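# Examining the three-dimensional arrangement
Each chain, written out:
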Amino acid sequence: MSVISDVSFTRFGKRPEGLLDLAAESALPIVRRYGKDIDFIVFSNSYSGEFNDISGANNLISTRLSMDEVPSLRIDNTSGSGGSAVMVADSLIKSGNAGSVLVIGAEKMTGYPTRKSTRIIASLLNSEERSAGISLPSLAAFMTRAYLKEFDAPRESVARVAVKNHHNGSLNPYAHFQSEVTLEEVMASRVIADPLRIFEFCPVSDGAVSLLMTSDENRDSFGKDHVEILGTGYSSGTSSLSYRDSLTSIGSVRRSSEMAFHRSKLTPNYMDVVELHDMAAILEIIESEDAGFFKKGHGWEAVMKGETEIGGSRPINTSGGLNSKGHPIGASGVAQAGEIYLQITGKAEKRQIKDAHLGFSLSMAGFGNNATAIVYGGAS
Amino acid sequence: MNINRCRNCGTRFLVARSICPKCGKENFEQVPAASGIVLESVELIATPDPYPDRYYLVLLDVDDVKAFCRSQEKLREGSTVYIRDDDLGPICTRA
Ligand SMILES: [Zn+2]
């Protein structure tokens, strides 16, 4: 078994620093404490070539940290890079290939016009579909229309996800957005892809987060606060959107979640804290169903009843989610693990869930092209 | 716009594959798609470079194969449209 023993965030947002500066800012507190014991670096980052004109970033960051001889690799799995990075670090540790792994997730995305960054992200689509002028947000709009129609859900339920997550983000010192929004403000904000509005999408953000992961046997060398990886699950779905059966369910999310729960011998009901991949607000609802927290078609009701709020029976995205925390692509999935770590170790301050012992995160790539689910538990 | 068709089993799909997902054979032909039926459309305001500032994205049924198309006008669900290709990609207009 592997454990997370430390976490360090940068503030997410529009940052003047470059990719390596941000990565180093998040890694340094961990490297200062445990640098000599780290024998592998996993760097989660997807677009250093496109946004920063950098390749081989993992070796540049290991040199920056004066860990020149420590082996490293870069995990590039678009929006799902972070979940994959945690899964790879867990595998390295469990296989004995590494003892203690520094996982860094970072992305530097701001500084380009939105049209340019929208194009860069759309490059993950197949050309036969991309050529129609698809953006990732437009897919969320198709999904929203289909969901509202199929399950007779009120439009407001999607906007309420954004209201909740902005509230949670306002309690998270690392979040891009630090202020709440009202339902009226969400519904009056600019339409991006009809019917979805700008507050219902994650912003374009820079940011980094680092984790120290080690084996169960080694954990005493790394402080007192550990969170165990109880199970990981992963699956793909077709990258051809026109080939998918449903617009309102994501196969990779269903299969990866089922695998993670099966391997951890737990069920969704046991989870105290949950982080989902809400690039668009509708995704939080759909993933909350596909991961097994609510029956298909009923996730919106839980949002309307406040069940997914901090203090509700099933808190989701206490961090603010991608929606409010921001979505520096390579950092997002690592930040999910970081939030669960803070919650289970009782360090989540104003957004702390009482008696949080078990957690779940879902990191998703390319609108469901693949997903990594992770079940976490407090070390007893 | 072309639809890929397996010469062995007739399975059709939009995105190119090297192996038929149904029968496993590797022999395909491309069938031009000239028209389709609108399943859903979304107005996109924040568009990717180098596309125009504003357009509709349309999900079409092209003989039981789903496909995406761009449109400058709002198209009614269930209506039939013509498909052609411009410099950027497939674009559809009211039939
Ligand atoms: Zn075939």
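Refer to the structure printed above.
Just so we're clear, the structure is a prediction, and the values are computed from it rather than from any experiment.

About the criteria used
Residues numbered from 1 in each chain as written. Chains lettered and ligands numbered in written order. Predicted model: local features only at pLDDT ≥ 70, side-chain atom pairs only at ≥ 80, totals over all residues. Heavy atoms only, no water. Axes fitted to C-alpha atoms, helices over the stretch in contact; angles between N-to-C directions. Helix = DSSP H or I, 4+ residues; strand = E, 2+ residues; numbered from the N terminus. Parallel < 35°, antiparallel > 145°, perpendicular 65-115°, else oblique. Left-handed = near helix turned anticlockwise from the far one by under 90°. Contact = heavy atoms within 4.5 Å. Nonpolar A, V, L, I, M, F, W, Y, C, P; charged D, E, K, R; others polar. Donors = N, O, S within 2.8 Å, 3.2 Å for Na, K, Ca; no water. Tetrahedral: all angles 85-135°; square planar, octahedral: opposite > 155°, others 65-115°. Buried < 20%, exposed > 50% of the residue type's maximum accessible area, 1.4 Å probe, protein only. Salt bridge = Lys/Arg side-chain N within 4 Å of Asp/Glu carboxyl O. Pairing = 2+ DSSP bridges. Buried area = accessible area lost by both parts, 1.4 Å probe. Polar contact = N/O pair within 3.5 Å; in protein donor to acceptor, adjacent residues only side chain to side chain.

What follows covers the packing of helix 1 (residues 19-34) of chain A against helix 3 (residues 57-64) of chain A. Residue and element names in this part refer to chain A. Between helix 1 and helix 3, the least distance of the axes is 10 Å, while the angle of their chain directions is 55°. It follows that helix 1 is oblique to helix 3 by the angle criterion. Where helix 1 crosses over helix 3, the handedness of that crossing is right-handed. Contacts between helix 1 and helix 3 involve L19, L20, D21, A23 and A24 from the former and A57, L60, I61 and R64 from the latter. Of the residues in the contact of helix 1 with helix 3, the class split is seven nonpolar, no polar and two charged.

For the rest of this paragraph, the subject is the coordination of the zinc ion. Residue and element names in this part refer to chain B. In the first shell of the zinc ion, the protein supplies C6 (SG), C9 (SG), C20 (SG) and C23 (SG), at 2.3 to 2.4 Å from the metal. Classification of the site at the zinc ion as tetrahedral follows from its four donor atoms and the range of 103 to 113° in their angles at the metal. Mapping the donors of the zinc ion onto the primary sequence yields the spacing C-x2-C-x10-C-x2-C. One end of the pair, C9, is in the loop between strand 1 (2-6) and strand 2 (12-13); the other, C23, is in the loop between strand 2 and strand 3 (28-32), with 14 residues separating them in the sequence. Looking at C9, the relative accessible area reads 35%, which means it is partly exposed. Among the residues examined, C23 registers a relative accessible area of 27% and is labelled partly exposed.

Before going further, it helps to spend a moment on the pattern of salt bridges. Taken as a whole and judged by the stated rule, the model has 29 salt bridges over all chains. Taking the shortest distance from any N to any O, the salt bridge between R219 of chain A and D216 of chain A comes out at 2.9 Å. Between R70 of chain B and D86 of chain B there is a salt bridge, with its nearest N and O atoms 2.6 Å apart. Separated by 16 residues along the polypeptide, R70 of chain B in strand 6 (residues 65-71) and D86 of chain B in the loop between strand 7 (80-85) and strand 8 (90-94) bring together distant segments of the chain.

All names here are of chain B. Among the ten residues that make up strand 4 (residues 35-44), seven are buried, leaving the element largely enclosed by the rest of the structure. Pairing of strand 4 with strand 7 involves three bridges; the strand directions are antiparallel. From the neighbouring strand, I37 faces strand 7, where its bridge partner is T80.

Contact with chain B, which involves 33 residues of that partner, is made by 32 residues of chain A. Contact between chain B and chain A buries roughly 2,700 Å² in total, counting both sides, with carbon and sulfur atoms accounting for 59%. Linking chain B with chain A are six salt bridges, by the criterion used here. In this structure, D49 of chain B engages R119 of chain A in a salt bridge whose closest nitrogen and oxygen atoms are separated by 3.2 Å. Summed over the shared surface of chain B and chain A, the number is 16 residue pairs in polar contact (both at pLDDT 80 or more). Of all the secondary structure elements, the ones that give two or more residues to the side of chain B that touches chain A are strand 4, strand 5 (55-62) and strand 6 of chain B. For the side of chain B that touches chain A, a count of residues per class yields 22 nonpolar, three polar and eight charged.

Read these as spatial facts, not as claims about activity.
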